[in-house]
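# Fold and contact review
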Amino acid sequence: VSGLVAAVALVATIVLFLIELIITSRTSQKAFGLSFLWNSEWNPVTEKFGALPMIVGTLVTGFGSLLIATPFALGIAIFLADYAGKRVAEPVKYLIGLLGGLPSVIFGLWGLFVLVPLVGKFEVWFGKLVGSEALVTSGTTGVGLLAAILLLALMILPFSASLILESLLVVPNELKEGSVALGATKWDTIQNIELPYIRRSTVGALVLSLGRALGETMAVTMVIGNGMKMPKTLFDPANTLASAIANQFLEATSPVYIASLIQLALILFVIAIIINIAARVILRRSAR
């Protein structure tokens, strides 16, 4: 009974969150309608708002960081589970857990003082390589989508690596020993036995990591440049839904402005729900 009550309470809380966001953003919905989703203008002076630049920034940084972090997370987890001894694995696991528990503002400061200058130098080099004067002249800043993607990849790496590692550690030894007894190499066993066995938990870990990347606020705000225009390249300053809300909520005075920021939160909420539903569909199809 208590489990049923907890489950119902959780679902009710999520529904209440959604209803509250819909109600409090009604002013923006009436003013802009569905065009709010694809309009790229964000001008508090004229009170014309559109969420497309923030939606693009959120999806690009989230999926871009996941694309970069996933191979490293798998490699770290496989190394610690199958190749490293206890003397190596235990300290590394501790460091990974410590890194994953650091506050996001520390990542943001590191990104601002270390990562952003490196991205700025890379931008100048890349601009000279492709012959783009615009990239060369703007390369002194380093803030933009690329810096946010790299920082988010670093932030979700220990989280996803830890979850995948825990899944690998519970793979039955009988399966691995049987594979080796049949003549398979260690890599064959990993590729054909262990990875298929943890497919569902790996997808779950990646979805959780993506959720953290999409909702990250402070660290992204410090390195993404907070540009309100549609980014054209990965070097351009941009904004995510979360960073735009954090940057501008205290400055919002008019009802339409406040409602537009709340509608950004509603869009982020819906994106998170859609991603989780898509992950469940993928898991069910893979299970079949």
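Anyway, here's the lowdown on the structure attached to this text. (Residues numbered from 1 in each chain as written. Predicted model: local features only at pLDDT ≥ 70, side-chain atom pairs only at ≥ 80, totals over all residues. Heavy atoms only, no water.)

A count of helices and strands for the protein chain gives 14 helices and 2 strands. Along the three orthogonal principal directions, the C-alpha set of the protein chain runs to about 70 × 60 × 30 Å. Burial statistics for the protein chain: of 288 residues in total, 39% are counted as buried. Put simply, 73% of the contacts in the protein chain that link residues at least 6 apart link residues at least 24 apart. Accessible surface computed for the protein chain: about 15,800 Å², of which carbon and sulfur atoms make up 70%. Mean positive and mean negative side-chain charge positions of the protein chain (19 and 15 charges, respectively) differ by 5 Å. (Helix = DSSP H or I, 4+ residues; strand = E, 2+ residues; numbered from the N terminus. Buried < 20%, exposed > 50% of the residue type's maximum accessible area, 1.4 Å probe, protein only. Contact = heavy atoms within 4.5 Å. Areas by Shrake-Rupley, 256 points an atom, 1.4 Å probe, with all protein chains shown as cover. Lys, Arg positive; Asp, Glu negative; His and termini not counted. Charge placed at Lys NZ, Arg CZ, Asp CG, Glu CD.)

Right, let's talk about helix α4 (residues 52–83) for a bit. The end-to-end C-alpha distance of α4 is 46 Å, a good match for the 46 Å that 32 residues give at a rise of 1.5 Å each. Along α4, the helix axis deviates most sharply at alanine 69, where the bend reaches about 30°; the proline proline 71 sits within four residues downstream. (Expected span 1.5 Å × (residues − 1). Bend = angle between axes of the 7 residues up to and from the residue.)

Core analysis: the largest hydrophobic core is formed by 49 residues, its most contacted members being Phe36, Trp42, Leu241 and Leu264. Core analysis: the second largest hydrophobic core is formed by 16 residues, Ala84, Ile164, Ile198 and Ala205 among them. (Core = buried A, V, L, I, M, F, W, Y, C linked by side-chain atoms within 4.5 Å.)

So, about a nonpolar patch on the surface. A surface patch of nonpolar side chains, amounting to about 800 Å² of accessible area, comprises Val105, Ile106, Leu109, Trp110, Leu112, Phe113, Val114, Leu118 and Met218. The dominant element in the nonpolar patch, judged by the number of residues it contributes, is helix α6 (residues 104–130), at 8 residues. Position of methionine 218 among the secondary structure elements: in helix α12 (residues 218–223). Assessed through its relative accessible area of 42%, methionine 218 is described here as partly exposed. (Patch = residues over 30% accessible without salt bridge, like charges linked within 9 Å, V, L, I, M, F, W, Y side chains within 5 Å. Salt bridge = Lys/Arg side-chain N within 4 Å of Asp/Glu carboxyl O.)

With respect to the helices and strands, serine 209 occurs in helix α11 (residues 199–215). In this structure serine 209 touches Leu66, Ile156, Phe159 and Ser160, once residues within four positions along its chain are discounted.

Our next topic: the environment of isoleucine 55. Mapped onto the fold, isoleucine 55 is located in helix α4. Spatially, the C-alpha atom of isoleucine 55 lies 11 Å from that of lysine 229, the residues being 174 residues apart in sequence. The residues contacting isoleucine 55, other than those within four sequence positions of it, are Leu37, Leu241 and Ile267.

A separate point is the packing of aromatic side chains. With the rule as written, the count across this model stands at 6 aromatic pairs. Pairing tryptophan 42 with phenylalanine 49 gives two aromatic rings, centres 4.7 Å apart and planes at 65°, and the pair type is edge-to-face. Under the relative-accessibility criterion, phenylalanine 49 is labelled buried at 0%. Measuring from centroid to centroid gives 5.1 Å for phenylalanine 49 and tyrosine 257, while their planes differ by 20°, and the two rings are stacked. Remark: tyrosine 257 occurs in helix α14 (residues 255–287) and phenylalanine 49 occurs in strand β2 (residues 48–49); sequence separation between them is 208 residues. Both residues of the pair, phenylalanine 49 and tyrosine 257, belong to the buried class. (Phe/Tyr/Trp six-rings, centres within 6.5 Å; stacked < 30°, edge-to-face > 60°.)

Orientation of helix α5 (residues 86–100) relative to helix α8 (residues 145–169), taken along the N-to-C sense of each, is 140°, at an axis distance of 8 Å. Relative to α8, the element α5 is oriented oblique. Between α5 and α8 lies a crossing whose hand is left-handed. Every residue of α8 that contacts α5 at Lys93, Ile96, Leu99 and Gly100 is listed here: Pro158, Ser162, Leu165, Glu166 and Leu169. Its residues placed into classes, the contact of α5 with α8 shows 5 nonpolar, 2 polar and 2 charged. (Axes fitted to C-alpha atoms, helices over the stretch in contact; angles between N-to-C directions. Parallel < 35°, antiparallel > 145°, perpendicular 65-115°, else oblique. Left-handed = near helix turned anticlockwise from the far one by under 90°. Nonpolar A, V, L, I, M, F, W, Y, C, P; charged D, E, K, R; others polar.)

Time to look at unusual backbone geometry. Positive phi values are uncommon outside glycine, yet glutamate 47 reaches one of about 55°. Position of glutamate 47 among the secondary structure elements: in the loop between β1 (42–43) and β2. The phi torsion at asparagine 226 lies on the positive side, around 55°, for a residue other than glycine. Relative to the elements of secondary structure, asparagine 226 occurs in the loop between α12 and α13 (241–248).

Okay, the environment of phenylalanine 36 next. Residue position: phenylalanine 36 is located in helix α3 (residues 35–38). Ignoring sequence-local partners within four residues, the contact set of phenylalanine 36 consists of Ser28, Trp42, Phe49, Gly50, Ala51, Leu52, Ser260, Gln263, Leu264 and Ile267.

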